[in-house]
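Understanding the architecture of this molecule
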Amino acid sequence: MKTISENRCFGGVQGVYSHASEATGTDMTFGLFLPESAEDGPVPVLWYLSGLTCTHENAMVKAGAQALAASEGMALVFPDTSPRGAEVADDPAYDMGQGAGFYVNATEAPWAPHFNMWDYVAEELPALLEGTFAIDPARQAITGHSMGGHGALTLAMGLPGRYRSASAFAPICAPSQSEWGRKQLAGYLGTDESTWARHDSTLMMRNRGFDGPLLIDTGTADQFGDLLMTEALAEAIAMRRQPATLRLQKGYDHSYFFVSTFMSDHVAFHAEALFK
C-alpha cells in the first residue's frame, strides 16, 4: 500500500492511499479519516459510497463529514467508484465505465476483467483496512449518495450482519425498473434479469429487508427524481414493515449542497447504532 497524502484534520488524520487490487486487477485509491481516538485502539467505521462520475475525493472534500466523525470518534472510508486506467474499459457516457461501477461484479465483456466493485467494497478493502488501521470490524455502518446510495442499500441488505445501520442520500432505488439502471445492469450483468435482483434495493427490500435502522433522504427538487424511483422503495418499505425513516427534503436537489446539509443527521444516526 502506498501513502499518497496524510493531513491532520479535526485532531485526527485524513489520509489518501493506493494499493494493487486483486478484485479489479488495477491500482485502487481510497480515502480514510481516522479520528484522534484511533490512537488508543480500534474505532467504529462509516463507509461512504459515492455516485456517478465521482472518485474517492468528492465526499472527502465536499461532504463536511470529518468534523462530525471526529466528534463521535468514528472512522470514515471513501472508496473510489470504479477501477481506472488505460487498460480499463470505458464508455463515452458518464453513466457507464470508469466512474460508474454501480458496485456490482460485472460478468459481461468488456467490463468483466476489472469491474468487480462488489468484491472490492465488500471483501478486499475491508480486509486491507482491518489489517492495517485501527478499525473495529464488529462496528460498521454504511451510507452513500445516488449510485453510492444504491450500493449502500444493496450491500447492507446483501451482507446480513455486516452493518449495524444503513443510510442513503438520494439513492437509485429501483434500477431494474428505471432508465437509470436497466442500461447499466444489462451492460454489466447481461440480459438475464434474475441476476439483477440482488442489485436492486426495492427488490431486496421486498425479499429480504435490513436487520437494522435505515435512514433515507431525497430532495423534492432533485433533478433526477424520475430516475431515482424513491416511491418504489417507499412502497416496499411499507409492505415489509421495515423500520425506516424516509424523508423528502423540500427544495433540495441532487448536489453536494444537499448531502452536506444533512450529513450531520446521518453521522449522528450511525453513531447511535455504532456506539450502543
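Our subject is the structure that appears above.
A short tour of the structure in this document, coming up. Just so it is clear, the model here is predicted, and its values are computed rather than measured.

Take the packing of aromatic side chains next. What the rule picks out here adds up to 11 aromatic pairs. Considering the side-chain rings of Phe169 and Phe258, the 6.1 Å spacing of their centres and the 85° angle between planes classify their relative orientation as edge-to-face. Of this pair, Phe169 sits in strand β7 (residues 165–169) while Phe258 sits in helix α9 (residues 256–274); the two residues are 89 residues apart in sequence, bridging distant segments of the chain. The two residues Phe169 and Phe258 agree in class, both being buried. Pairwise contacts between aromatic rings join Phe169, Tyr252, Phe258 and Phe262 into one cluster. Above the ring of Trp118, the side-chain terminus of Arg198 is found at 4.7 Å from the ring centroid.

Following both chains from N to C, one finds helix α2 (residues 65–72) and α9 inclined at 25°, their axes separated by 10 Å at the closest point. The angle between α2 and α9 places the two elements in the roughly parallel class. Handedness of the crossing formed by α2 with α9: right-handed. Counted together, Ala65, Leu68, Ala69 and Glu72 of α2 and Met263, Ser264, Val267, Ala268 and Ala271 of α9 form the full contact between these two elements. In terms of residue class, the contact of α2 with α9 is built from 7 nonpolar, 1 polar and 1 charged.

Right, let's talk about the sheet that holds strand β8 (residues 214–219) for a bit. Strand pairing in a sheet takes place through backbone hydrogen bonds and is either antiparallel or parallel in direction. Spatial strand order, β1-β2-β3-β5-β4-β6-β7-β8-β9: 9 strands in an open sheet with mixed pairing. Each edge of the open sheet carries a strand with a single partner, namely β1 (2–9) and β9 (245–249). The average angle at which neighbouring strand axes cross in this sheet is 20°, direction not considered. In this structure, strand β4 (residues 43–49) lies alongside strand β5 (residues 75–79), joined through 3 bridges in parallel fashion. Residue Leu46 lies in a different strand from β5, and its bridge partner there is Leu76.

Residues Leu32, Trp47, Leu129, Ile142, Leu155 and Tyr188 are the most contacted members of the largest nonpolar core, which totals 85 residues. Here the element with the most residues in this core is α9; it accounts for 8 residues. The residues contacting Trp47, other than those within four sequence positions of it, are Val77, Pro79, Val121, Leu125, Pro126, Leu129, Gln140, Ala141, Ile142, Thr143 and Tyr163.

With 7 of its 9 residues buried, strand β2 (residues 12–20) lies for the most part within the structure. Bridging between β1 and β2 involves 7 bridges; their strand directions are antiparallel. Counted as the bridge partner of Lys2 is Ser18 from β2. Connecting β1 to the antiparallel partner β2 that follows it, the hairpin turn spans 2 residues, and Phe10 within it adopts a positive phi of roughly 50°. Direction of pairing for β2 relative to strand β3 (residues 27–34): antiparallel, over a ladder of 8 bridges. Among the inter-strand pairings, Ala20 is bridged to a residue of β3, identified as Asp27. Between the end of β2 and the start of β3, which pair antiparallel, lie 6 residues, with Gly25 showing a positive phi angle near 70°.

Attention now moves to the side chain of Thr24. With respect to the secondary-structure elements, Thr24 resides in the loop between β2 and β3. On the basis of relative accessibility, which here comes to 0%, the residue Thr24 falls in the buried class. Within the structure, Thr24 has its side chain in polar contact with the side chain of Thr26 (distance 2.7 Å). Apart from the residues within four sequence positions on either side, Thr24 is in contact with Pro83, Pro113, His114, Met117 and Tyr120.

Compared with an ideal rise of 1.5 Å per residue, which puts 12 residues at 16 Å, helix α4 (residues 147–158) spans 16 Å between its outermost C-alpha atoms and is within 8% of the ideal. The element α4 is largely enclosed, with a buried count of 11 among its 12 residues. Buried residues of α4: Met147, Gly148, Gly149, His150, Gly151, Ala152, Leu153, Thr154, Leu155, Ala156 and Met157, and no others.

Cut-offs and rules
- Residues numbered from 1 in each chain as written.
- Predicted model: local features only at pLDDT ≥ 70, side-chain atom pairs only at ≥ 80, totals over all residues.
- Heavy atoms only, no water.
- Phe/Tyr/Trp six-rings, centres within 6.5 Å; stacked < 30°, edge-to-face > 60°.
- Helix = DSSP H or I, 4+ residues; strand = E, 2+ residues; numbered from the N terminus.
- Buried < 20%, exposed > 50% of the residue type's maximum accessible area, 1.4 Å probe, protein only.
- Lys NZ or Arg CZ within 6 Å of the ring centre and 35° of its normal.
- Axes fitted to C-alpha atoms, helices over the stretch in contact; angles between N-to-C directions.
- Parallel < 35°, antiparallel > 145°, perpendicular 65-115°, else oblique.
- Left-handed = near helix turned anticlockwise from the far one by under 90°.
- Contact = heavy atoms within 4.5 Å.
- Nonpolar A, V, L, I, M, F, W, Y, C, P; charged D, E, K, R; others polar.
- Pairing = 2+ DSSP bridges.
- Core = buried A, V, L, I, M, F, W, Y, C linked by side-chain atoms within 4.5 Å.
- Polar contact = N/O pair within 3.5 Å; in protein donor to acceptor, adjacent residues only side chain to side chain.
- Expected span 1.5 Å × (residues − 1).

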